[in-house]
Amino acid sequence: MNESSQSSQSASRAGGFYAVLAYGAWGLLPIYWKFFQQSSPVEVLCHRMIWSLVFLSGILLVQQRQAEVGALLRSPKTLRILLATATLLTCNWGLYIYGVNSDRVVETSLGYFINPLVTVLLGFVFLRERLLRGQQMAVGLAAIGVGYFIWQFGAVPWIALGLAFTFAFYGLLRKVVAVAPMVGLAVETLMITPLALLVVSYWQVTGVGNFGSTVPLSLLFIGAGVMTSMPLLWFNNAAKRLRLSTLGFFQYVAPSIQLVLGVFLYREPFTPTHLVTFGCIWTALVIYSTTSLMQRSRPG
């Protein structure tokens with residue numbers, strides 16, 4: 001085995017480790033967000049941004065990486081891409097908090113089950129990664145599952161689709177922009193934090209905000225920075241080391257945990273329509289995974 005192959009395998013192993021950490025943490029996050037049911041999703045989202053920036057800034061300061069941040073801030077082209085990823089990230093975070101605290105954890109899990117298939121589709125469309133016949137079937141079957149859901153309930157699962165597409169596009173853009181994961185995430189949060197600070201400050205002045213009302217709740221707001229930043233750092237490290245199609249495979253971990261939490265811990269309904277829709281998605285994921293594994297096992 002040559003040095004290049006060893007380096008590639010080492011990167012893949014490290015990427016897989018980071019992916020498991022990221023998706024495992026995301027799967028358990030509904031438990032954390034449920035503590036904020038007395039707060040609005042927008043307030044939680046704002047604090048999530050603010051304290052993430054504080055946490056990341058502290059890490060970068062300790063590592064003496066201020067020069068990297070400064071260089072990035074002087075690159076208009078990169079900043080434009082990061083503004084797009086920051087917007088996608090904000091939408092994704094807000095949707096997830098809203099979904100959890102409006103008792104729709106099952107629907108959020110549907111979104112993250114769909115996401116790997118959206119991810120591989122974006123890899124085909126934008127990065128020209130080959131979409132095999134089995135993967136084409138998987139994407140089509142997922143579309144059938146969502147279509148059945150809409151037909152039966154007469155409503156689009158907009159939280160699920162919003163989560164799937166915002167995070168898939170986020171992963172796509174972060175893969176193509178040459179930015180260190182932690183520095184990029186810090187700049188993303190820096191771009192949104194001024195608006196978050198304005199909103200939180202206004203609510204605190206008018207007495208609407210919940211920060212400071214109790215010590216446990218305030219600590220939970222602060223802790224949202226760590227709970228948010230660490231999985232994203234792990235994800236960005238994984239995205240730099242893995243193909244988009246491979247990265248999508250690991251995402252089964254998060255929605256599986258979320259679905260179990262939604263059905264068994266939070267007692268959300270899981271109807272026959274849900275079963276058909278999820279069955280289509282699960283079958284699609286089996287086809288997609290089998291196709292991907294067969295392709296990787298072929299010589300050359």
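Look above for the structure.
Residues numbered from 1 in each chain as written. Predicted model: local features only at pLDDT ≥ 70, side-chain atom pairs only at ≥ 80, totals over all residues. Heavy atoms only, no water.

**Section: the nonpolar core**
Part 1 of the argument: Counting 56 residues, the largest nonpolar core has Trp 26 and Trp 33 as its most contacted members.
Part 2 of the argument: Per-element tally for this core: the top contributor is helix 4 (residues 76-101), with 10 residues.
Part 3 of the argument: Listed in part, the 25 residues of the second largest apolar core include Leu 131, Ala 160, Ala 168 and Leu 172. (Core = buried A, V, L, I, M, F, W, Y, C linked by side-chain atoms within 4.5 Å. Buried < 20%, exposed > 50% of the residue type's maximum accessible area, 1.4 Å probe, protein only. Helix = DSSP H or I, 4+ residues; strand = E, 2+ residues; numbered from the N terminus.)

**With respect to the packing of helix 7 (residues 158-176) against helix 9 (residues 215-241)**
Part 1 of the argument: At a minimum axis distance of 9 Å, the contact between helix 7 and helix 9 shows a crossing angle of 60°. Of the possible angle classes, the one that applies to helix 7 and helix 9 is oblique. Where helix 7 crosses over helix 9, the two elements pack in a sense that is right-handed. Contacts between helix 7 and helix 9 pair Phe 167, Tyr 170, Gly 171, Arg 174 and Lys 175 from the former with Leu 232, Phe 235, Asn 236, Ala 239 and Lys 240 from the latter.
Part 2 of the argument: Residue classes in the contact of helix 7 with helix 9 are distributed as 5 nonpolar, 2 polar and 3 charged. (Axes fitted to C-alpha atoms, helices over the stretch in contact; angles between N-to-C directions. Parallel < 35°, antiparallel > 145°, perpendicular 65-115°, else oblique. Left-handed = near helix turned anticlockwise from the far one by under 90°. Contact = heavy atoms within 4.5 Å. Nonpolar A, V, L, I, M, F, W, Y, C, P; charged D, E, K, R; others polar.)

**Section: the environment of Gly 209**
Part 1 of the argument: Among the structural elements, Gly 209 can be located in the loop between helix 8 (181-206) and helix 9.
Part 2 of the argument: In sequence terms Gly 209 and Gly 162 are 47 residues apart; their C-alpha atoms lie 27 Å from each other.
Part 3 of the argument: Contact partners of Gly 209, with chain neighbours within four places excluded, come to Glu 43, Trp 203 and Gln 204.

**Description of empty space enclosed by the protein**
Part 1 of the argument: Counting across every chain of the model gives 2 cavities of 30 Å³ or more.
Part 2 of the argument: Roughly 110 Å³ of volume is contained in the largest cavity.
Part 3 of the argument: Around the largest cavity, the lining residues are Tyr 23, Trp 26, Arg 48, Asn 92, Trp 93, Tyr 96, Tyr 112, Phe 167, Gln 251, Ala 254 and Gln 258.
Part 4 of the argument: Looking at the lining of the largest cavity, the elements that each hand over two or more residues are helix 1 (3-33), helix 4 and helix 11 (253-265). (1 Å grid on protein atoms, 1.4 Å probe; cavity = no way out; pocket = protein on both sides within 12 Å on 5 of 7 lines; lining within 4 Å. Points joined across faces, edges and corners; volume = space filled by probe spheres on them.)

**Observations concerning helix 7**
Side chains that are three or four residues apart share a direction in an α-helix, a result of its 3.6 residues per turn.
Part 1 of the argument: The end-to-end C-alpha distance of helix 7 is 27 Å, a good match for the 27 Å that 19 residues give at a rise of 1.5 Å each.
Part 2 of the argument: Of the positions making up helix 7, those classed as buried are Ile 159, Ala 160, Gly 162, Leu 163, Ala 164, Thr 166, Phe 167, Ala 168, Tyr 170, Gly 171, Leu 172 and Arg 174. (Expected span 1.5 Å × (residues − 1).)

**Structural notes on the pattern of salt bridges**
Two side chains bearing opposite charge may form a pair once their charged atoms approach each other closely.
Part 1 of the argument: Counted by the stated rule, this structure contains 4 salt bridges.
Part 2 of the argument: Put simply, Asp 103 and Lys 34 hold a salt bridge, and the shortest N to O gap is 2.9 Å. In this pair, Asp 103 sits in the loop between helix 4 and helix 5 (105-126) while Lys 34 sits in the loop between helix 1 and helix 2 (41-62), placing the two residues 69 residues apart along the sequence.
Part 3 of the argument: Glu 107 serves as the salt-bridge partner of Arg 104, at 3.0 Å between the closest nitrogen and oxygen. (Salt bridge = Lys/Arg side-chain N within 4 Å of Asp/Glu carboxyl O.)

**Things to note about the environment of Met 182**
Part 1 of the argument: Summarising the element assignment, Met 182 is placed in helix 8.
Part 2 of the argument: Considered as a pair, Met 182 and Asn 237 are 55 residues apart in the sequence and their alpha carbons are 8.7 Å apart.
Part 3 of the argument: Residues contacting Met 182, with those up to four places away along its chain left out, are Leu 56, Ile 59, Leu 60, Gln 63, Arg 65 and Leu 233.

**Notes on unusual backbone geometry**
Part 1 of the argument: Even without a glycine there, the phi angle at Gln 64 is positive, about 55°.
Part 2 of the argument: Within the secondary structure layout, Gln 64 lies in the loop between helix 2 and helix 3 (66-73).
Part 3 of the argument: The class of Gln 64 is exposed, set by a relative accessible area of 66%.

**Re the packing of aromatic side chains**
Part 1 of the argument: On inspection of all chains with the given rule, the structure shows 23 aromatic pairs.
Part 2 of the argument: Seen from their ring centres, Phe 113 and Trp 282 are 6.1 Å apart, and the 80° between their planes marks the pair as edge-to-face. On the criterion of sequence distance, the pair formed by Phe 113 in helix 5 and Trp 282 in helix 12 (residues 272-297) is long-range, its members being 169 residues apart.
Part 3 of the argument: Since its relative accessible area comes to 3%, Phe 113 is described here as buried.
Part 4 of the argument: Between Phe 278 and Trp 282 the ring centres are 5.5 Å apart and the planes differ by 50°, which places this aromatic pair in the tilted class. Taken as a pair, Phe 278 and Trp 282 lie in helix 12 at a separation of 4 residues, close to a single helical turn.
Part 5 of the argument: Taking the relative accessible area as the measure of exposure, Phe 278 reaches 1% and is therefore buried.
Part 6 of the argument: An aromatic cluster is defined as three or more aromatic residues linked by ring pairs; in this entry it consists of Tyr 32, Trp 33, Phe 36, Trp 51, Phe 211 and Phe 221. (Phe/Tyr/Trp six-rings, centres within 6.5 Å; stacked < 30°, edge-to-face > 60°.)

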